[in-house]
Amino acid sequence: MPPPPRPTHTAAAAEAAPPTGRPAWNTNRNLVVTHPLLSLLESCASFRRLLQLHALLTVSGLAAHRFPASRVLAFCALSDPPRLAHAAAVLAQAEAAAPPGRPNAYMFATMMRAFIRASLPCPALALFRRILRERLPADARTFVFAVKAAAASSASSGEAVHCVALKRGFLAQSVLVGNALVHLYASGTSLADVRKMFDEMLERDVVSWTTLLDGYARGGLPDEAWRVFCSMVVMEGLRPNGVTLVAAASAVGQMGLLGLGKMVRQCIADSGVSVSVNLENALVDMFGKCGCVASAREVFDGIVAKDAYSWTSMVNAYAKCGDLENAARLFQDMPRRNVISWSCMIAAHSQANQPEEAVRMFKEMLAAGIEPIDATLVSVLSACAQLGCLDFGRWIYNTYIVSNNIDLTVNLGNALIDMFAKCGDVVGASRLFAKMEQRNAVSWNSMIMAHALHGQSEEALHLFQEFKGTGIVPDEITYVGVLSACSHRGLVLEGRHHFKEMKMVYGIEPRGEHYACMIDLLGKVGLLQEAFEVARSMPIGADEAGWGALLNACRMHGNVEIGECAADKLAGLDPADSGIYVLMSQIYASKRKWDQVKLLRTVMRDRGVKKNPGCSSVEVDGKFHEFLVADVSHIRSEDIYAVLKNIYTHLESEGYIPLS
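For clarity, every value in this text was computed on a predicted model and none was experimentally measured.

## Observations regarding the confidence of the model for the chain
- Model confidence for the chain is summarised by a mean pLDDT of 86, while 92% of its residues fall at 70 or above.
- Counted against residues more than four places away or in other chains, residues 1-20, with its pLDDT under 50, gives 18 contacts.

## Let's talk about the packing of helix H29 (residues 476-489) against helix H31 (residues 512-524)
- Across the interface, H29 lies against H31 with an axial gap of 9 Å and an inter-helix angle of 10°. Put simply, H29 runs roughly parallel to H31. On H31, the residues that touch Glu 476, Tyr 479, Val 480, Leu 483, Ser 484, Cys 486, Ser 487 and His 488 of H29 are Glu 513, His 514, Cys 517, Met 518, Asp 520, Leu 521 and Lys 524.

## Things to note about helix H5 (residues 84-95)
- Taking 1.5 Å of rise per residue, the 12 residues of H5 would be expected to cover 16 Å, and the 16 Å separating its terminal C-alpha atoms lies within 8% of that figure.
- Within the span of H5, buried status applies to His 86, Ala 87, Val 90, Leu 91 and Ala 94. Along H5, the residues classed as buried sweep out an arc of 140° about the axis, all on the same side.
- Where H5 is buried, its residues contact helix H3 (47-60), helix H4 (66-78) and helix H6 (105-117).

## A few points about a nonpolar patch on the surface
- Judged by side-chain polarity, Tyr 641, Val 643, Leu 644, Ile 647, Tyr 648, Leu 651 and Tyr 656 come together as a nonpolar surface patch covering roughly 620 Å² of accessible area.
- Position of Tyr 641 relative to the elements: it lies in helix H37 (residues 637-653).
- Look at Tyr 641 and you get partly exposed, because its relative accessible area is 33%.

## Focus on the environment of Pro 575
- One can find Pro 575 in the loop between helix H34 (560-573) and helix H35 (578-590).
- Along the primary structure Pro 575 and Cys 486 are separated by 89 residues, whereas in three dimensions their C-alpha atoms are 31 Å apart.

## Overview of H37
- Look at H37: 24 Å from first C-alpha to last across 17 residues, which is about the 24 Å you get at 1.5 Å a residue.
- After H37 finishes, the residue Gly 655 shows a positive phi value of roughly 95°.

Procedures and definitions
Residues numbered from 1 in each chain as written. Predicted model: local features only at pLDDT ≥ 70, side-chain atom pairs only at ≥ 80, totals over all residues. Heavy atoms only, no water. pLDDT = per-residue confidence, 0-100. Contact = heavy atoms within 4.5 Å. Axes fitted to C-alpha atoms, helices over the stretch in contact; angles between N-to-C directions. Helix = DSSP H or I, 4+ residues; strand = E, 2+ residues; numbered from the N terminus. Parallel < 35°, antiparallel > 145°, perpendicular 65-115°, else oblique. Expected span 1.5 Å × (residues − 1). Buried < 20%, exposed > 50% of the residue type's maximum accessible area, 1.4 Å probe, protein only. Arc of directions from axis to C-beta. Patch = residues over 30% accessible without salt bridge, like charges linked within 9 Å, V, L, I, M, F, W, Y side chains within 5 Å. Areas by Shrake-Rupley, 256 points an atom, 1.4 Å probe, with all protein chains shown as cover. Salt bridge = Lys/Arg side-chain N within 4 Å of Asp/Glu carboxyl O.

Here is the structure:
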């Protein structure tokens with residue numbers, strides 16, 4: 001067969017006829033090219049055509065010149081997908097060329113951009129170091145690419161690029177470099193560095209303000225984010241863009257202030273900004289978090305092209321307001337459900353004390369072939385904790401954490417610790433806690449509370465001492481666990497010390513739960529008068545937990561006088577609570593005041609108070625069985641009562657005497 005003909009300019013023109021308009025890779029709108037072959041290159045839209053044109057450039061000798069080589073490199077770097085291998089070959093060929101064709105800073109910057117687009121920050125930073133080493137005249141764009149590469153690499157790399165930009169005067173000359181650095185620090189964890197960088201900028205534009213605003217909103221400082229937004233619009237007189245308004249809506253949603261939400265919506269109308277679906281979604285989410293479902297629905301109904309996030313935001317708005325019926329209806333109407341949508345509904349049922357429905361929906365989601373994310377697992381583990389469903393919780397842990405070798409996030413680790421602890425597996429919770437590489441206050445609180453509630457007071461207090469050595473500041477929940485631990489063990493001196501410590505050392509004002517723990521602690525050891533004084537000394541008065549702990553202590557020690565006072569307080573708080581009358585009746589019975597016992601029963605009958613039947617549940621083979629007092633509805637009730645009678649017999653042989 002004869003060899004194929006060599007390509008000519010005419011053949012290349014036929015193969016690579018320029019399309020109308022510029023291709024996506026060609027971002028240089030001001031470039032005017034008159035050379036026929038280079039003009040074809042500027043209009044090239046496929047890699048196959050580029051290879052033909054590159055061959056012609058090589059044959060004609062143009063490829064040895066810097067400009068044609070830079071345009072071939074730009075195509076390879078900026079096309080979709082980027083052609084890294086060919087781009088690297090072009091760059092290497094240029095480096096081997098004579099000085100007029102050697103790569104300049106622009107070509108290196110173009111190659112840096114290719115590496116960044118391919119998620120390869122380290123080679124991009126290596127090229128930047130080469131630009132500096134060879135003292136090439138880098139422009140602002142080069143520094144912007146270096147900052148982007150550093151953001152995907154390490155904090156030290158970002159600080160190094162910042163230092164070079166400062167030395168070369170780019171912070172004073174270029175708002176682009178300043179904006180890139182503000183974004184770099186906003187992507188990290190130190191919002192103080194973001195603010196410092198922003199304040200050092202001599203010139204700021206809408207992007208600068210928006211980046212700072214978004215950094216505060218994402219960092220959980222919505223108040224500061226709103227102050228930035230007001231400063232930008234009112235004091236600086238800048239017109240916000242769509243991204244700015246999305247960040248402002250996010251901040252207002254976190255604050256839950258409907259008045260500010262209406263201001264954001266009015267600002268959108270007044271600014272004349274083009275309303276994107278992202279901005280409309282942000283408004284739906286904002287109004288939902290502010291508790292205004294009507295406004296959220298109004299915005300939602302006005303969205304022409306709804307996406308999955310639009311539907312999910314509206315479902316979440318209903319769920320946040322406790323309207324699970326409408327949330328479920330909208331969820332069923334969704335044209336396409338993703339993992340976020342499912343997670344939203346599972347979380348809604350879990351937070352609404354409907355754990356059975358949350359678990360059911362999780363199983364339905366798995367049956368639909370959708371893999372859960374961290375947020376899904378956190379919600380369903382919370383439901384397992386409410387149900388005491390240890391087997392299913394362990395299955396989730398083994399299936400998604402152990403088998404897939406997934407690193408535990410702090411939130412997921414905390415949810416697992418809470419689930420294991422509430423289901424009674426404190427050993428499993430401790431083992432998981434020890435494996436966590438990162439812990440926050442919730443992690444420590446969950447573990448301290450787990451030990452306290454299971455009577456392991458020494459372990460709880462020892463863990464608390466470790467916690468204080470980490471530098472994380474204890475909070476109100478920490479001291480509920482600590483005081484509960486003291487109460488379980490009757491550690492009066494330690495309890496008094498920690499009760500004073502929380503206010504004197506950490507500035508934590510004791511709440512009802514803390515007072516209830518102290519009352520319970522003092523009452524258990526017989527210091528009823530002191531417990532009574534603690535209850536009466538509460539700034540806002542003792543609540544049901546506090547007076548209930550005191551009444552129970554009076555039952556334990558047979559104190560009629562203080563018991564009657566506690567019962568009167570409880571009856572004023574919740575007259576329908578049958579437990580008040582039961583405990584008080586037991587106190588009278590212990591003192592053989594049978595007339596008072598009879599009188600209490602009459603009062604209960606007259607007030608229509610009925611004793612709630614005791615209820616317990618047990619999990620067997622993944623199924624829950626619930627039992628009430630004197631319940632014979634279970635299919636195996638005869639066998640159950642036979643076993644129960646056998647247990648009672650063994651207890652009595654060991655000297656057990658029931659309270660009543």
